[in-house]
Structures are given as structure tokens and as C-alpha cells.
Amino acid sequence: MKMLERKPQAEAGDPVIVHFGEDDTRLVVLRQGHKEQTPRGVLIHDHIIGQPFGAKLACGSEKLSGTFHLLSLTPELWTGNLNHRTQILYTTDIAMIVFELDLRTGSSVLETGTGSGSLSHSIAAAVAPSGRLLTYDYNRDRVQAANKDFESHGLQSIVTCKQRDVLKEGFEEMEKVDAVFLDLPQPWDAIKHTVPVLKSGGRICCFCPCVEQAQKSAFALRSLFFQHVEMKEFVHRPYGFSRETIPTYDEELKFKNSYKKYILQRKNYKYTHTGYLVFATYFELSS
């Protein structure tokens, strides 16, 4: 299945998303004759194959123990359901990285720290179909797993993952790129390697979990004459409606009655601070 091509219905071999409800989704690779147990009931793959995306389907066969919606796999849904080989970036940070790096169709991008491929899929979607992403990871197993994911999602013509320790070896010789993303333990030591590979006007982003890392990265960028250096933090704080009991009182502040009312309140959200993003622009110095 090609992630970036929308198909009308699910086919055998497709990775799809089974959506039971808010914050309750599951990544499933459809196989003929296969069944799998979930807390909501049995998923019978033969009943899902051939169904249109967006359809509301039932678990099980004889007793309906739950329902779900069938969704096509997207980069955003992949981020929420992938197998974690490492810590990952989530959609709040990813959206701002794609925006701040000014990624568009045809952009060329370098990424270090492929990890589980969460950001890689969104970058691929942003630069497709004519753009390119070259992503590096120093761990061989992660590189092999990432390339397998890219191939199974039909992204192999856009994304290439290679094994390389960029901190020690720098980048290989290549044509200059529009943007670089660094997710490394010491990104400030890799910034010097980005100068030969960035186009004039190219953008860079360093992901730093700690403020000390962000400070060192910002100072390194300034020392190499990068412009527009800025650090940003993005925290997602969702709100939603809930039905609450509201008490009422008489003039003597004695309990009188109560009624139900929908109120807007902040949700308990499991992701708060993820990291700091340091952005900058590179301009070639005139001789």
C-alpha cells in the first residue's frame, strides 16, 4: 500500500488503522484468513478486506461486542500507532518542524536520528512526489527496520535511510539541500557538518530535550554565522466538553437544586513537554 495514494477500499496486505474511539486506535496489517483478539472483540480480517475506508464495522461474527471505523494509514496516524524503537516526535512538534523548515513539494531534506521514522513519514508527505529525504541513523537494526517500513508504505522513491554516525563522520558528499534536521545527543557538534550541504537560505532545526542542549546548539549556530536563530517550545493542551452536575443555592447559601450542563474544560493529556526546537537560516558568506 502506498501511504500517499488514497485508495477507496482496503485490500489484503494493506496496513490500516482500526479506530475504536478517541485515543483508542490500532495498526493492523490485513491478512486473508486471519483473526486477532482485541479488548473490543475479534477482528476478522476477511470481513475488513474489501470494505471502503471510513466504514463503520463490527467486531466478531455472531455476537457484536464492539464497533470501529476503518481508516487509511496516514503519516499522522502512523505516528500515533507505530512500534516504538526509540522515543519519537509527535504531531504537535512535527507540524511546526515541517512549517518552520518551509518544506514543500520538491524540497530536499537531510535528517539525522531516524529512530522509529515518525518524523520521516511526515517529511516525505510534505516533499512528495518530487522531493527527497535522506535520513541517517547510527544503529544498523533501526536502519533496516526503517527501510522496511518505508518500502511497505510505498515511500522508497522519496526516502532513503542509511547507517552513519554523523557526529563522527559528518555527511557524505552530495548536492546541497534545502533543510537539515538534527536529532542527536550533541547536535551542536554536528552543526559544522551542515554548512557544506545546506543551500544558501536553507533552514536547520535542532531537536533538544533539555534547555542546556538548546543553548549550546544556539551558540554553535551563531558562531557559524547562521541567521534568525530562535528557540521554540510547543505544548499541546487540548480542551473538550464534559457533562457536569452544577449545584444551585438559595439566598441563605443552602443547597437548593442541581442540574446537568456541558462545560468546556482541559483534558488530561499524556504528552506535555517533549523538547525544544532551535531553528536558524544559513546564508553563504560572500568572499
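Below you will find a few notes about this structure. (Residues numbered from 1 in each chain as written. Predicted model: local features only at pLDDT ≥ 70, side-chain atom pairs only at ≥ 80, totals over all residues. Heavy atoms only, no water.)

**Considering the packing of aromatic side chains**
Inference 1: Under the definition given, this model contains 3 aromatic pairs.
Inference 2: Where phenylalanine 20 meets phenylalanine 68, the ring centres are 6.0 Å apart and the plane angle is 70°; that geometry is what we call edge-to-face. Here phenylalanine 20 is found in strand β1 (residues 15-21), whereas its partner phenylalanine 68 is found in strand β6 (residues 67-72), with 48 residues between them in sequence.
Inference 3: Judged by its relative accessible area of 2%, phenylalanine 68 is buried.
Inference 4: Between tyrosine 136 and phenylalanine 171 the ring centres are 5.8 Å apart and the planes differ by 50°, which places this aromatic pair in the tilted class. With tyrosine 136 in strand β8 (residues 132-137) and phenylalanine 171 in the loop between α6 (166-169) and β10 (177-182), this pair connects stretches of sequence that are 35 residues apart.
Inference 5: Residue classification places tyrosine 136 among the buried residues on the basis of a relative accessible area of 1%.
Inference 6: Across from the ring centre of tyrosine 138, 5.2 Å away, lies the NZ or CZ of arginine 142, which sits over that ring. (Phe/Tyr/Trp six-rings, centres within 6.5 Å; stacked < 30°, edge-to-face > 60°. Helix = DSSP H or I, 4+ residues; strand = E, 2+ residues; numbered from the N terminus. Buried < 20%, exposed > 50% of the residue type's maximum accessible area, 1.4 Å probe, protein only. Lys NZ or Arg CZ within 6 Å of the ring centre and 35° of its normal.)

**Some remarks on the sheet that holds strand β11 (residues 198-208)**
Strands pair in a sheet through their backbones, by hydrogen bonds, and they do so in one of two ways: parallel or antiparallel.
Inference 1: Across the sheet, 7 strands lie side by side as β9-β8-β7-β10-β11-β15-β12; this open sheet has mixed pairing. Edge strands, defined here as strands with exactly one partner in the open sheet, are β9 (159-163) and β12 (227-232). Recorded for the sheet is a direction-independent mean angle of 15° between the axes of neighbouring strands.
Inference 2: In this structure, β8 lies alongside β9, joined through 5 bridges in parallel fashion. Bridge assignment links leucine 134 to a residue of β9, and that residue is threonine 160.
Inference 3: The strands touched by helix α8 (residues 211-223) are β11, β12 and β15 (276-282); relative to β15, the strand with the most contacts, the crossing angle is about 5°. (Pairing = 2+ DSSP bridges. Axes fitted to C-alpha atoms, helices over the stretch in contact; angles between N-to-C directions. Contact = heavy atoms within 4.5 Å.)

**Let's talk about the packing of helix α3 (residues 91-100) against helix α4 (residues 118-127)**
In a packed pair of helices, the relevant descriptors are the angle between the two axes and the axis-to-axis distance.
Inference 1: Contact geometry of α3 with α4 gives a least axis separation of 10 Å together with a crossing angle of 40°. For the element pair α3 / α4, the angle class is oblique. Like other packed secondary-structure pairs, α3 and α4 cross with a definite hand, here right-handed. Residues Ile94, Ile97 and Val98 of α3 form the contact with α4, whose participating residues are Ser118, Leu119, Ser122 and Ala126.
Inference 2: Considered class by class, the residues forming the contact of α3 with α4 number 5 nonpolar, 2 polar and no charged. (Parallel < 35°, antiparallel > 145°, perpendicular 65-115°, else oblique. Left-handed = near helix turned anticlockwise from the far one by under 90°. Nonpolar A, V, L, I, M, F, W, Y, C, P; charged D, E, K, R; others polar.)

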